[in-house]
Amino acid sequence: RKRMTAERYLDLYVKICTSGAIGHVKTDDEDYYKFSLQSIADFGCKIHTTIEDVHDQPDANKDLQILTTYEKRHIENGLKIKYIQFSLPNRESENL
C-alpha cells in the first residue's frame, strides 16, 4: 500500500528517525484512520492518543484545533477529523 502508515513506510521511519520517535496522523478519512490504527499496532508501535473527533474535544492540544482549508471543507460536509499519536518501536540495533 502507498499509505504513509503502511508497514513499508513505518519500517523506513524506524530507519531514519531516532528510537521512539513520535508520529502523528490527522485525517478525515475513516478508512485511512482504521487502517492506520491497525497498521501502527501490528508494527509494534505504542499508540498514545486516539481522538475520533478532534474539533469536538475542547481539551485537545491547541495545535490539533488549527483548521486547514481542507478540514473546514470536510467539517462543512459532516466529516470528523480524527487523530492518532504513536511512538515508533525502538531500533533493535543503533547500527542500522
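Just above, that's the structure.
Report on the accompanying structure. From a predicted model like this one, the values you see are computed outputs, not experimental measurements.

Helix and strand content of the protein: three helices and three strands. Secondary structure elements of the protein occur, N-terminal to C-terminal, as α-β-α-β-α-β. Seen through its C-alpha atoms, the protein measures out along the principal axes to roughly 45 × 30 × 20 Å. In the protein, which comprises 96 residues, the share counted as buried stands at 31%. Of the contacts formed within the protein by residues at least 6 apart in sequence, a portion of 76% connects residues at least 24 apart. Carbon and sulfur atoms make up 48% of the accessible area of the protein, which amounts to about 6,600 Å² in all. The average position of the 14 basic charges and that of the 16 acidic charges among the side chains of the protein differ by 4 Å.

Below, the discussion takes up the state of the cysteines. In a disulfide, the sulfur atoms of two cysteines are held together by a covalent bond. All told, the structure shown has zero disulfides when counted by the stated rule. Cysteine C17 shares no disulfide, and the gap to the nearest cysteine sulfur, in C45, comes to 11 Å.

Conventions and cut-offs
Residues numbered from 1 in each chain as written. Predicted model: local features only at pLDDT ≥ 70, side-chain atom pairs only at ≥ 80, totals over all residues. Heavy atoms only, no water. Helix = DSSP H or I, 4+ residues; strand = E, 2+ residues; numbered from the N terminus. Buried < 20%, exposed > 50% of the residue type's maximum accessible area, 1.4 Å probe, protein only. Contact = heavy atoms within 4.5 Å. Areas by Shrake-Rupley, 256 points an atom, 1.4 Å probe, with all protein chains shown as cover. Lys, Arg positive; Asp, Glu negative; His and termini not counted. Charge placed at Lys NZ, Arg CZ, Asp CG, Glu CD. Disulfide = S-S within 2.5 Å.

Any functional reading would require information beyond the geometric quantities listed.
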